[in-house]
Structure formats: C-alpha cells, structure tokens
Amino acid sequence: MRRMCKYRLVLPGLPADNPQQSEEASHIGPSGNCKCHRCFVGGPAGLRESDDGYMALHQVSHNTARCHWDPSLKSSPSACEPHTVETTVSEIRNQLNRAAEGALAPVLKMQTASGTKDRVMQAWILKVVAKAKEIRKSNPHWTSTHVQSQAKEWLNEQTTEPWSPLLSIRGLDPYRDTPVELLHTVLLGSVKYVWHNLHMTLTDQERDLFVTRLDSTSINGLSVPPIRAGYMSQYRNSLVGKHFKVLMQTATFHVHGLVSEAQFKLIKTVGQVGALMWYHSTPDMTTYIADLRMLIQNVLHAFDLVDPARIIDKGKLLFSHTCLMTYNILDQRSAPGHDIARKCASMEQLKHILSSGYWHCEDGTWGQASRQVHAVIKQQRAVQTHLGWVPPVKDVSGNLKPIAANKCDIHQWDQMFLAKTHFLNPHPPPESEWYEGISVISQSNDTCPCHSWVCSDTQLGKSILGCIHRILLPTEKSQSNVIILENFTLSDTLHPHYDMPFLTRPDPPTYTFIKPMDVKFIFNVQHDCQMSNCQPNGVRVLHQEREQTTWTAQVLTHVNNSRFIINLHALHNAAPLQSALPRHLTAPKPLFPNAMAFCHETAAKLRIVTQGEKRKATRTRAHATREANKLKKATQCASTMPLDTPH
C-alpha cells in the first residue's frame with residue numbers, strides 16, 4: 001500500500017572511529033588533560049592521581065559538578081559534568097578572546113586544560129593571533145584591551161560562527177550522537193591491552209603451552225573461523241580485530257597456571273563485559289544497564305590491579321564515560337572525504353532502487369523500478385558482492401540434513417546400541433528402521449551438528465541443556481524425525497575458578513527424545529581442563545592445502561569427560577543463553593564491594609610508587625639529554641672556531 005508519510009524519524013548519528021569522534025566533538029583527543037570527549041573527567045596530573053580524582057575516572061557522571069582544578073583544594077568532585085554544545089561554544093569564545101591578545105601559547109594551554117579544540121576554530125585562532133600582532137605593530141601606543149577589542153571586531157566581521165558546523169545543527173549533539181564503536185573501543189582497546197600484558201609476561205615454554213591449549217578450543221557454538229593459535233603467537237604484535245574477538249571469548253580457559261591472580265581477574269572480567277557489549281537486543285534494559293555498569297567497573301578495577309596508571313594513560317578505558325552514555329553500534333562506516341560520501345550515497349540509492357524502493361516523481365506520483373531491475377540483485381552475484389548484500393537463507397527451523405544416500409546405513413532400532421541406553425521417555429518400536437542425520441536447524445536459525453550443545457524445549461514447557469547425541473530420520477513416513485539429546489545436570493553454583501555455571505554427566509548417562517523443532521539455540525561449552533589437569537601429551541598431524549603433511553603438533557588430551565563449563569564469554573547467542581539460565585548463575589558480582597576504598601588505596605600506591613618512579617626516570621632522562629645537548633653544542637663551537645695562525 002502506497003501512501004504519503006507525514007513524518008520521517010531520523011536517528012542522529014555521526015559514524016566514525018574513536019579519533020574522528022573526538023574531532024567531530026571538538027575535542028583535543030588523548031593529548032589533553034581531559035581525555036574523554038563526552039565529559040570533563042580528568043585534569044592535571046595532581047588531580048587525576050588524587051583520591052577523588054582517581055575515583056572520578058571510574059564513575060559515571062550524573063550531576064552538574066564540573067572538575068575544575070584548584071590547587072588550594074585537597075579534593076575534587078567525584079563526578080564530572082558531561083560536555084554539551086553550550087559549554088563547548090563558551091570555551092571556544094574564551095579561547096578566541098585570549099587569541100585576540102596576540103599570543104598563541106596561552107590558547108594552547110587552555111586547550112590542553114579543557115580538552116576543547118575545534119578544527120574550524122583553530123584556523124580562526126591563527127588568523128586572529130596574526131591580526132592582533134598586525135594591529136599592535138601598526139599602533140604600538142594602544143593598550144592590550146584596545147588591541148583585543150579591535151581583533152574581536154575584525155573576527156565578527158568575518159564570521160558569526162567560528163566553530164564546527166556540527167555545533168550549530170539543531171537537534172544534533174556531537175557528544176551523545178557519536179555511537180560507541182566496539183572494534184576500536186573494546187577489541188583494539190581493552191582486549192588488546194590484556195593480550196599485550198599476557199604475552200609479554202609469558203616465557204617461550206609457557207607461550208607454547210598456551211598455543212597448544214588455544215588450538216584445542218572447542219569452537220562449536222562460537223561462530224568463529226578455525227583458531228590459528230600458532231599464527232596468533234608468531235605475529236602477536238600485529239593481530240587484528242577478529243583475533244582479539246577470539247581471545248576475548250576463549251583465553252580465560254587456557255591461562256591457568258600461566259598468569260598471576262591479578263592477570264587472571266583482568267582476563268576474566270574483560271571476557272564477561274565483552275559478551276554483554278555484543279547484545280543486539282535485551283528484554284530488560286534496566287537489568288542490562290545495571291549489569292553492564294557493574295562489569296565495566298570490574299574491568300577498570302582489574303586494570304588497576306595490574307597497572308594503576310593504565311586508566312590515566314589510556315583514554316579507551318573510560319568505559320563509564322562512553323558505553324553507558326550512548327547506544328551500541330557494531331558496524332559503522334567512516335566517510336572522511338566528500339568523494340567517499342558521494343560513493344556511499346550512490347550505493348545506498350542503488351540499493352533502494354534494486355530492493356523495490358519508491359521515489360517521488362516530478363509529476364507528484366510515486367515511481368518504482370520494473371521487476372526485471374528488481375531481479376538483478378537476486379540473480380547477479382557480482383552486484384550482490386559490490387553492494388554487500390547476501391541472499392536470505394531459507395532454512396526452516398526443525399529441518400534436518402541427512403547423510404548422503406551413498407554413505408548412509410539403515411538399521412533397526414533393536415540393532416542399534418541405543419537399545420541398551422537409558423531413556424527418560426519412551427523410545428520408538430524395536431523393529432523401526434532409521435538412518436543418521438548430519439545437522440538440524442534450530443529456532444535461532446543455527447546449524448546444529450551432532451555433538452553440539454543446545455538448549456531445547458520439552459513437552460512440559462521447560463528448557464533443558466544437553467548435547468546432541470544422534471540425529472535420526474525414519475524410513476517410514478508415518479514416523480517423525482527425532483533428536484537424541486544426552487542429558488547433563490546444571491550446577492546450582494558457579495565454578496570456583498571461572499565463575500561460570502558448569503554441566504556434569506550423570507552416572508549412568510541418560511538420554512531424552514526431542515522434536516527437531518524444539519531445539520532453541522546452540523551454545524558453547526569448554527572442557528574443564530583446569531579441574532581435570534589435562535596435559536598436552538597428544539599428537540595430531542598438520543594439513544596444508546587439505547593435504548596431510550609429515551608435521552605434527554601437540555594437542556591436549558582431555559580426561560574425565562563428565563564436566564563441562566558453559567562459556568558465558570561467548571558472543572553468539574549470549575542473550576538467550578543468559579535468559580535460559582537461573583539469574584543467580586549469571587548475575588555479575590562486584591570485584592571489590594567497597595569500590596571507593598579500593599580506588600583510594602590504588603591512588604595512594606600510584607602516587608607513592610608508580611608515578612614517583614616514572615617522574616624520577618623522566619627527570620633523569622631530561623638531565624641526560626640536556627648534558628648531551630651541551631656537549632654537542634660545545635663540540636660544534638670548537639669545530640667552527642678559527643685556528644690561530646703562527647706569526
């Protein structure tokens with residue numbers, strides 16, 4: 001049905017990575033004292049290292065107390081005022097007024113102190129400083145106030161808005177409308193810092209053990225490509241986002257015995273918050289925000305345990321001033337130039353036409369492309385690749401994929417070993433014939449092969465967690481397909497080491513028949529190698545280009561296959577998995593119940609030990625540099641001095 005729209009709702013958003021977000025928000029970036037482009041948190045070193053200043057870096061601002069640094073005060077506000085268009089424009093005016101005095105250095109100090117540096121304003125500041133110097137040179141008898149007034153008057157004649165046009169767009173707030181970009185903020189931020197801290201502290205032998213463990217990771221239910229642990233170790237300083245995403249979900253299970261307790265807490269907390277960051281929907285936003293707030297605080301406190309100065313030096317760790325003050329965006333497009341902007345616009349226009357979109361014609365009617373044009377994107381693979389469009393998958397929930405006809409064997413039920421197993425519900429007739437299936441499509445459109453861990457509905461309306469033991473299809477059409485699910489017992493407590501729920505196999509094993517359409521979703525589990533003390537005493541043959549080679553590699557040999565950990569750090573199906581589990585098994589817990597006392601203790605340690613040693617080393621290097629410069633200058637003077645000629 002075609003009809004006129006009265007309103008079109010447009011959600012403001014400035015797509016960009018973190019550096020461009022700072023630029024669009026008229027922010028100086030990491031070189032300023034206030035490193036966050038969303039609020040005024042931070043300040044000079046003395047403020048940031050104070051008890052209250054250090055505490056403010058770990059909190060979310062909700063009041064209007066702005067962190068002004070006053071050397072006469074021993075404390076500062078515990079939270080900081082968020083940036084607004086009004087405060088930025090006011091700061092820009094102050095900087096322009098100071099530039100009208102004819103000196104650039106005071107303006108640069110103001111930018112460093114406040115964190116406000118507008119790219120358009122910067123060009124006008126240089127012009128105003130040059131104009132003030134010109135006025136002072138032409139009228140040396142004028143006072144500084146008179147010179148400043150004339151320079152400001154000249155600026156007002158040139159433009160009325162000497163700042164970024166983004167600050168003048170009605171309804172647009174560059175500080176709230178720059179969505180969090182998870183690639184740079186999380187993967188190339190906190191996860192990258194964790195990985196660097198991990199591999200820098202491992203010996204070669206420990207690194208080889210970590211690689212062996214990582215290679216033995218079960219990726220069923222993770223939706224990641226095969227893990228190349230050897231590559232990740234060899235090029236450990238050149239990893240990209242996809243590698244950090246794998247490490248965020250799996251590293252927790254492979255570092256036991258290799259890292260300190262503080263390092264393990266950091267790895268674990270980053271994995272916990274990562275799973276929540278990739279939620280695409282949540283039924284309870286209030287609970288989600290509360291959980292996310294606590295997990296972010298845990299990450300910051302875990303970084304404090306490993307390196308108290310990290311939150312001061314790295315602006316990406318200011319989670320509380322980014323992730324909780326906007327909405328999560330997974331994919332963003334950056335358009336730094338007009339040519340890229342035009343290209344993106346033309347691609348969007350072509351997508352609109354090929355996808356049966358309408359447009360308003362000059363005669364007042366609505367136009368649409370023909371069916372032949374609509375069929376182009378459905379039939380031409382090159383067009384699909386160019387536009388980034390993938391044909392929708394037509395898999396239906398409950399569909400089974402059988403083994404190829406030339407490979408499948410048909411057996412009677414009483415001839416199968418399943419006749420001797422213990423089922424919790426009635427099994428088919430003994431004379432019925434069955435053949436194997438490869439996979440089943442779940443309600444979440446996941447392909448679940450045999451030995452996948454799934455959540456399924458039962459006839460009683462309850463959800464059960466288990467492992468797909470076999471997928472069977474009958475030869476008689478009168479019978480239905482069945483999934484044989486091996487039952488596991490869900491723990492009522494968390495794992496003492498990983499703080500995750502775990503599943504145990506009952507003795508003897510039990511099985512349940514379920515309908516294929518009752519499979520809800522797939523999830524990832526990991527073998528409890530820490531409790532079972534699994535050792536790398538296995539060997540596997542390596543392949544290259546699908547060909548078997550003579551090379552071998554060590555693999556973990558899993559023992560005691562009756563205990564498995566539910567991977568709550570996995571991104572795939574994280575939301576439905578946590579909804580299926582009891583709340584007391586998924587609710588986050590604070591790393592330190594008394595966060596204020598911990599921050600004050602860490603700040604004291606930072607002032608006494610860490611920062612004191614750094615400043616001492618800086619002074620030593622500066623003194624050595626000055627002495628070297630003096631010696632170099634003296635040598636140059638001696639070489640250019642004319643030699644005395646003999647009489």
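Model, not experiment: these values are computed from the prediction. (Residues numbered from 1 in each chain as written. Predicted model: local features only at pLDDT ≥ 70, side-chain atom pairs only at ≥ 80, totals over all residues. Heavy atoms only, no water.)

**Focus on unusual backbone geometry**
Inference 1: That bond from D507 to P508 is cis: its omega, 0 degrees, falls within 30 degrees of zero.
Inference 2: With respect to the secondary-structure elements, P508 resides in the loop between β14 (502-504) and β15 (510-514).
Inference 3: At N445, a position not held by glycine, the phi torsion is positive, near 65 degrees.
Inference 4: With respect to the helices and strands, N445 occurs in the loop between β8 (433-441) and β9 (447-449). (Helix = DSSP H or I, 4+ residues; strand = E, 2+ residues; numbered from the N terminus.)

**Digging into the side chain of S26**
Inference 1: Relative to the helices and strands, S26 resides in the loop between α1 (18-24) and α2 (45-48).
Inference 2: S26 sits in the buried class, given a relative accessible area of 2%.
Inference 3: Within the structure, S26 has its side chain in polar contact with the side chain of D118 (distance 2.5 Å).
Inference 4: Not counting chain neighbours up to four residues away, the residues in contact with S26 comprise T88, G115, T116, K117, D118, S164, L167 and Y175. (Buried < 20%, exposed > 50% of the residue type's maximum accessible area, 1.4 Å probe, protein only. Polar contact = N/O pair within 3.5 Å; in protein donor to acceptor, adjacent residues only side chain to side chain. Contact = heavy atoms within 4.5 Å.)

**Examining the pattern of salt bridges**
Inference 1: One pass over the full model with this rule turns up 13 salt bridges.
Inference 2: Taking the shortest distance from any N to any O, the salt bridge between R505 and E486 comes out at 2.6 Å. Of the two residues, R505 sits in the loop between β14 and β15 while E486 sits in strand β12 (residues 482-487), which places them 19 residues apart along the sequence.
Inference 3: The exposure class assigned to R505 is partly exposed, which follows from its relative accessible area of 27%. (Salt bridge = Lys/Arg side-chain N within 4 Å of Asp/Glu carboxyl O.)

**As for helix α4 (residues 85-99)**
Inference 1: Helix length check: α4 (15 residues) gives 21 Å between terminal C-alpha atoms against 21 Å at 1.5 Å per residue, within 8%.
Inference 2: Inspection of α4 places V85, T87, T88, V89, E91, I92, Q95, L96 and A99 among the buried residues, and these make up the whole buried set.
Inference 3: Tucked into the core, α4 has its buried residues touching α5 (105-114), α6 (119-138) and α7 (144-158). (Expected span 1.5 Å × (residues − 1).)

**Structural notes on the sheet that holds strand β17 (residues 525-527)**
Inference 1: Here 4 strands make up an open sheet; going across it, the order is β13-β14-β20-β17 and the pairing antiparallel. Across the chains shown, the open sheet's two edge strands, defined by having one partner strand only, are β13 (489-490) and β17.
Inference 2: Where β13 meets β14, 2 bridges bridge the pair, whose relative direction is antiparallel. From the neighbouring strand, L490 faces β14, where its bridge partner is L503. (Pairing = 2+ DSSP bridges.)

**Side note on the environment of H301**
Inference 1: Mapped onto the secondary structure, H301 falls in helix α13 (residues 285-306).
Inference 2: A sequence separation of 289 residues divides H301 from P590, and the C-alpha atoms of the two residues are 9.6 Å apart.
Inference 3: Sequence-distant contacts of H301, that is, excluding residues within four places in its chain, are made with H58, L591, F592, A595, F598 and C599.

**Considerations on the packing of helix α8 (residues 182-201) against helix α11 (residues 241-250)**
Inference 1: The interhelical angle for the contact between α8 and α11, taken along N-to-C directions, is 65 degrees, at an axis separation of 9 Å. The handedness of the crossing between α8 and α11 is left-handed. Contacts from L183, V186, L187, L188, V191, K192 and W195 of α8 reach α11 at G241, F244, K245, L247 and M248.
Inference 2: Counted by class, the contact of α8 with α11 contains 9 nonpolar, 1 polar and 2 charged residues. (Axes fitted to C-alpha atoms, helices over the stretch in contact; angles between N-to-C directions. Left-handed = near helix turned anticlockwise from the far one by under 90°. Nonpolar A, V, L, I, M, F, W, Y, C, P; charged D, E, K, R; others polar.)

**Let's talk about empty space enclosed by the protein**
Inference 1: Tallied over the full model, the rule gives 4 cavities of 30 Å³ or more.
Inference 2: Together, V191, V194, W195, L198, L247, M248, A251, T252, I267, V270 and G271 line the largest cavity.
Inference 3: Residue composition of the lining of the largest cavity, by class: 9 nonpolar, 2 polar and no charged. (1 Å grid on protein atoms, 1.4 Å probe; cavity = no way out; pocket = protein on both sides within 12 Å on 5 of 7 lines; lining within 4 Å. Points joined across faces, edges and corners; volume = space filled by probe spheres on them.)

**Some remarks on the nonpolar core**
Inference 1: Counting residues in hydrophobic clusters, the biggest one holds 82 residues, and the most contacted among them are F210 and F523.
Inference 2: Beyond its immediate sequence surroundings of up to four residues, F210 is in contact with W195, L198, L202, L247, H254, V255 and L258.
Inference 3: By size, the runner-up hydrophobic cluster in this structure holds 22 residues, among which are A25, I92, V147 and L155. (Core = buried A, V, L, I, M, F, W, Y, C linked by side-chain atoms within 4.5 Å.)

**Thoughts on α5**
One turn of an α-helix holds 3.6 residues; hence residues three or four places apart share an orientation.
Inference 1: By the burial criterion, the buried members of α5 are V107, M110, Q111 and S114. Relative to the axis of α5, the buried residues are bounded by an arc of 100 degrees and lie together on one face.
Inference 2: The secondary structure elements touched by the buried residues of α5 are α4 and α6.
Inference 3: At the exit of α5 stands G115, carrying a positive phi of roughly 80 degrees. (Arc of directions from axis to C-beta.)

**Describing a nonpolar patch on the surface**
Inference 1: On the surface, L104, L108 and L126 cluster together into a nonpolar patch covering about 230 Å² of accessible area.
Inference 2: In this fold, L104 is placed in the loop between α4 and α5.
Inference 3: Look at L104 and you get partly exposed, because its relative accessible area is 31%. (Patch = residues over 30% accessible without salt bridge, like charges linked within 9 Å, V, L, I, M, F, W, Y side chains within 5 Å. Areas by Shrake-Rupley, 256 points an atom, 1.4 Å probe, with all protein chains shown as cover.)

**Overview of the packing of aromatic side chains**
Inference 1: Taken as a whole, this structure holds 11 aromatic pairs when the rule is applied.
Inference 2: Ring centres 6.5 Å apart and planes at 65 degrees place the aromatic pair W124 and W154 in the edge-to-face group. With W124 in helix α6 and W154 in helix α7, the pair connects residues that are 30 residues apart, well separated along the chain. W154 carries the same exposure label as W124, and that label is buried.
Inference 3: Three or more aromatic residues joined by ring pairs form one cluster here, namely F253, F264 and Y498.
Inference 4: Against the face of Y193 rests R310, its NZ or CZ located 5.2 Å from the ring centre. (Phe/Tyr/Trp six-rings, centres within 6.5 Å; stacked < 30°, edge-to-face > 60°. Lys NZ or Arg CZ within 6 Å of the ring centre and 35° of its normal.)

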